[in-house]
Structures are given as structure tokens and as C-alpha cells.
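Letter by letter, the chains look like this.
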Amino acid sequence: MTVDSPGFHARDNWFFRREDDGSVRIMAPDSLGPGAHQVVVLDPSTWASVVASVSAAGESGDTYRQALAFHETKG
């Protein structure tokens, strides 16, 4: 991802971008007005917990480890 790219556009100006250190940057519209955004950066462990918790199986030690391993694996 380039520095200028906001990342993957999910919808309604919500963007997700994996950073070089494995963290995930989430940028979302802010209520301050057009063009204003909020930014949250989640470390890899927190991101894996989010992914596991919204999976069909829910979060357990096993689903968390699978999500973290998938996030850390380079193709």
C-alpha cells in the first residue's frame, strides 16, 4: 500500500489498511463535517481478536490463534 492510499474502502468512507508493522489502520468519517475523519490503529493481536470474535465460531483460544496466524502469514 502506498503512503497516499487510504486502504481498502469497505463502504461509506470506511477504510482499512494493513501497516508495515502488521497493525491495522481504520479510518472512518467523523461527525465534524465533510472530509473529517477519525483514525484508529489496532495492533496485530487486537485485530486478530476482532476477526475471531466476529467469525461464525466466535472467539476462542483456537480461533484467535488461527486469525493471528492468518494475519501474520505472507503469501
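Draft legend 1. Fine view of helix H2 (residues 61–72). A rise of 1.5 Å per residue sets the reference length of H2, with its twelve residues, at 16 Å; its end C-alpha atoms lie 16 Å apart and thus fit the reference within 8%. Where H2 is buried, its residues meet strand S2 (14–18), strand S3 (24–29) and helix H1 (44–53).

Draft legend 2. Molecular detail of the pairing of S3. Along S3, five of the six residues are buried, which leaves the element largely enclosed by surrounding structure. Alignment of S2 against S3, held across four bridges, turns out to be antiparallel. Paired with Arg17 across the two strands is Arg25, which belongs to S3. With antiparallel pairing between neighbouring strands as the criterion, S2 and S3 make up a hairpin whose turn holds five residues, including Gly22 at a positive phi of roughly 90°. Inspection of the sheet shows S3 paired to strand S4 (residues 37–42) by six bridges, in the antiparallel sense. The residue bridging Pro29 from the neighbouring strand is His37, located in S4.

Draft legend 3. Examining the packing of H1 against H2 more closely. Interaxial distance between H1 and H2 falls to 8 Å at its minimum, and their mutual angle equals 125°. When the interaxial angle is binned, H1 and H2 end up oblique. For H1 against H2, the interelement crossing comes out right-handed. Every residue of H2 that contacts H1 at Pro44, Ser45, Trp47, Ala48, Ser49, Val51 and Ala52 is listed here: Thr63, Tyr64, Ala67, Leu68 and His71. In the contact of H1 with H2, the residues fall into eight nonpolar, four polar and no charged.

Draft legend 4. Looking closely at the pattern of salt bridges. The tally for this structure, following the rule as stated, stands at two salt bridges. Among the ionic pairs, Arg11 bridges to Asp12, the shortest N-O distance being 3.1 Å. Of the two residues examined, Arg11 and Asp12, each falls in the exposed class. Taking the shortest distance from any N to any O, the salt bridge between Arg17 and Glu19 comes out at 3.0 Å.

Conventions and cut-offs
Residues numbered from 1 in each chain as written. Predicted model: local features only at pLDDT ≥ 70, side-chain atom pairs only at ≥ 80, totals over all residues. Heavy atoms only, no water. Helix = DSSP H or I, 4+ residues; strand = E, 2+ residues; numbered from the N terminus. Expected span 1.5 Å × (residues − 1). Contact = heavy atoms within 4.5 Å. Buried < 20%, exposed > 50% of the residue type's maximum accessible area, 1.4 Å probe, protein only. Pairing = 2+ DSSP bridges. Axes fitted to C-alpha atoms, helices over the stretch in contact; angles between N-to-C directions. Parallel < 35°, antiparallel > 145°, perpendicular 65-115°, else oblique. Left-handed = near helix turned anticlockwise from the far one by under 90°. Nonpolar A, V, L, I, M, F, W, Y, C, P; charged D, E, K, R; others polar. Salt bridge = Lys/Arg side-chain N within 4 Å of Asp/Glu carboxyl O.

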